[in-house]
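Single-letter residue listing:
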Amino acid sequence: GFLQLSGPFKAIRNRSRELEVALLKNDKLAGGAKFALDAAGSSLHVRADVVLLEEAQLLDRVCWALTGFRHGSSRQESHDSIATQASCSARVDLVGLLRETSWQCTERGPDEFSANLDADSAPPARIRANEHGLLFSVELVRANAAAEVSHQALVEFLLSASSIVRLVRAHTADVDGQRSFGLQVCLPSTPAAQ
């Protein structure tokens, strides 16, 4: 089972700007936390899904999720400052963890790998470690910077999906002069076998 933690963030006033900033912040939040639209689409919530494990691991996961809530609920912070804050997760040995899997991985840089997905047209998944844990992400689409209406539609759709799909958060980033939209799973630096 899962435990879903959710708390209101704020009502939306400048819809297109606030939703895009929330999607940008999703990539930086610790603890697997994520911004998501509520069911009515009128306000943002900070959410985290915690896998119910044995008691000691559950306490660690809740602590980890609360770190993300603290980052997400700090309204004065810019999305750049969230990435530099420390969390309660220790740095992970990503190379050691990947050796234990059957995934075919390619090293892209320090603490960053890519793994081909089974879909023919899908780009490789990106696997990286940072101070918040392990990040698994896949790009869904890249859009030209001039496609503002498309951006707004993708932002709304992905933030709505983030409220429904467990453990998955939507994110966006600027890549090579284009806007990349994708999905991401954030796990603690000591993931439990499930």
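**Notes on the overall build of the protein chain**
Then comes step 1: A count of helices and strands for the protein chain gives 5 helices and 9 strands.
Then comes step 2: When the helices and strands of the protein chain are listed from N to C terminus, the series reads β-α-β-β-α-α-α-β-β-β-β-α-β-β.
Then comes step 3: Expressed as a percentage of the 194 residues in the protein chain, the buried residues total 44%.
Then comes step 4: Across the protein chain, contacts joining residues at least 24 apart in sequence account for 63% of those joining residues at least 6 apart.
Then comes step 5: As displayed, the protein chain offers around 10400 Å² of accessible surface, 52% of which is attributable to carbon and sulfur atoms.

**Here we look at the pattern of salt bridges**
Then comes step 1: In the structure shown here, the tally under the stated rule is 10 salt bridges.
Then comes step 2: With a shortest N-O distance of 3.3 Å, Lys 34 and Asp 49 are connected by a salt bridge. A residue pair is termed long-range when its members are at least 10 positions apart, and Lys 34 in strand β2 (residues 34-37) and Asp 49 in strand β3 (residues 43-51) qualify at 15 residues.
Then comes step 3: Glu 139 serves as the salt-bridge partner of Arg 142, at 2.8 Å between the closest nitrogen and oxygen.
Then comes step 4: Linked through salt bridges whose partners overlap, the residues forming this network are Glu 20, Asp 174 and Arg 179.

**Some details on helix α1 (residues 15-26)**
Residue pairs spaced three or four apart in an α-helix point in one direction, given the helix's 3.6 residues per turn.
Then comes step 1: In this model, α1 (12 residues) spans 17 Å end to end at C-alpha, consistent with the 16 Å of a helix rising 1.5 Å per residue.
Then comes step 2: Extensive coverage of α1 is indicated by the burial of 9 of its 12 residues.
Then comes step 3: For α1, the set of buried residues is Glu 18, Leu 19, Glu 20, Val 21, Ala 22, Leu 23, Leu 24, Lys 25 and Asn 26.

**Points about the nonpolar core**
Then comes step 1: Formed by 22 residues in total, the largest nonpolar core has its most connected members in Leu 19, Leu 23, Phe 35, Leu 44 and Leu 159.
Then comes step 2: Those elements that provide at least two residues to this core are β1 (2-11), α1, β2, β3, α2 (55-73) and α5 (148-164).
Then comes step 3: Apart from residues no more than four positions distant in its own chain, Leu 19 is found in contact with Ile 12, Leu 37, Leu 44, Val 155, Glu 156 and Leu 159.
Then comes step 4: In this structure, Leu 94, Phe 113, Ile 127 and Ala 129 belong to the second largest nonpolar core, which totals 7 residues.

**Let's talk about the side chain of Asn 26**
Then comes step 1: Note that Asn 26 resides in helix α1.
Then comes step 2: Accessibility expressed as a relative area gives 0% for Asn 26, which makes it buried.
Then comes step 3: Here the side chain of Asn 26 touches Phe 35 through a polar contact of 2.6 Å, landing on its backbone nitrogen.
Then comes step 4: Sequence-distant contacts of Asn 26, that is, excluding residues within four places in its chain, are made with Lys 34, Phe 35, Leu 159, Ser 162, Arg 169, Ala 170, His 171 and Gln 184.

**So, the sheet that holds strand β7 (residues 133-144)**
Then comes step 1: Spatially, the 6 strands line up as an open sheet ordered β4-β5-β6-β7-β9-β8, and their pairing is antiparallel. Two strands bound the open sheet, and with one partner strand each, they are β4 (105-109) and β8 (168-175). Recorded for the sheet is a direction-independent mean angle of 30° between the axes of neighbouring strands.
Then comes step 2: Pairing between strand β5 (residues 112-115) and strand β6 (residues 125-130): 4 bridges, direction antiparallel. Bridged to Phe 113 within β6 is Ile 127.

**A closer look at α5**
Then comes step 1: The first and last C-alpha atoms of α5 sit 25 Å apart over 17 residues, in line with the 24 Å expected at 1.5 Å per residue.
Then comes step 2: Among the residues making up α5, those that are buried are His 151, Val 155, Leu 158, Leu 159, Ser 162 and Ser 163. Projection of α5 onto a plane perpendicular to its axis shows the buried side chains occupying an angular sector of 145°, all on one side. Along α5, exposed side chains directed more than 90 degrees from the buried face belong to Val 149, Phe 157 and Ile 164.

**A word on the confidence of the model for the protein chain**
Then comes step 1: In this model, the protein chain carries an average pLDDT of 80, and 86% of its residues clear a pLDDT of 70 or more.
Then comes step 2: For residues 75-89, every residue scores under 50 in pLDDT, and the model assigns this stretch 33 contacts once sequence neighbours within four places are set aside.

About the criteria used
- Residues numbered from 1 in each chain as written.
- Predicted model: local features only at pLDDT ≥ 70, side-chain atom pairs only at ≥ 80, totals over all residues.
- Heavy atoms only, no water.
- Helix = DSSP H or I, 4+ residues; strand = E, 2+ residues; numbered from the N terminus.
- Buried < 20%, exposed > 50% of the residue type's maximum accessible area, 1.4 Å probe, protein only.
- Contact = heavy atoms within 4.5 Å.
- Areas by Shrake-Rupley, 256 points an atom, 1.4 Å probe, with all protein chains shown as cover.
- Salt bridge = Lys/Arg side-chain N within 4 Å of Asp/Glu carboxyl O.
- Expected span 1.5 Å × (residues − 1).
- Core = buried A, V, L, I, M, F, W, Y, C linked by side-chain atoms within 4.5 Å.
- Polar contact = N/O pair within 3.5 Å; in protein donor to acceptor, adjacent residues only side chain to side chain.
- Pairing = 2+ DSSP bridges.
- Axes fitted to C-alpha atoms, helices over the stretch in contact; angles between N-to-C directions.
- Arc of directions from axis to C-beta.
- pLDDT = per-residue confidence, 0-100.

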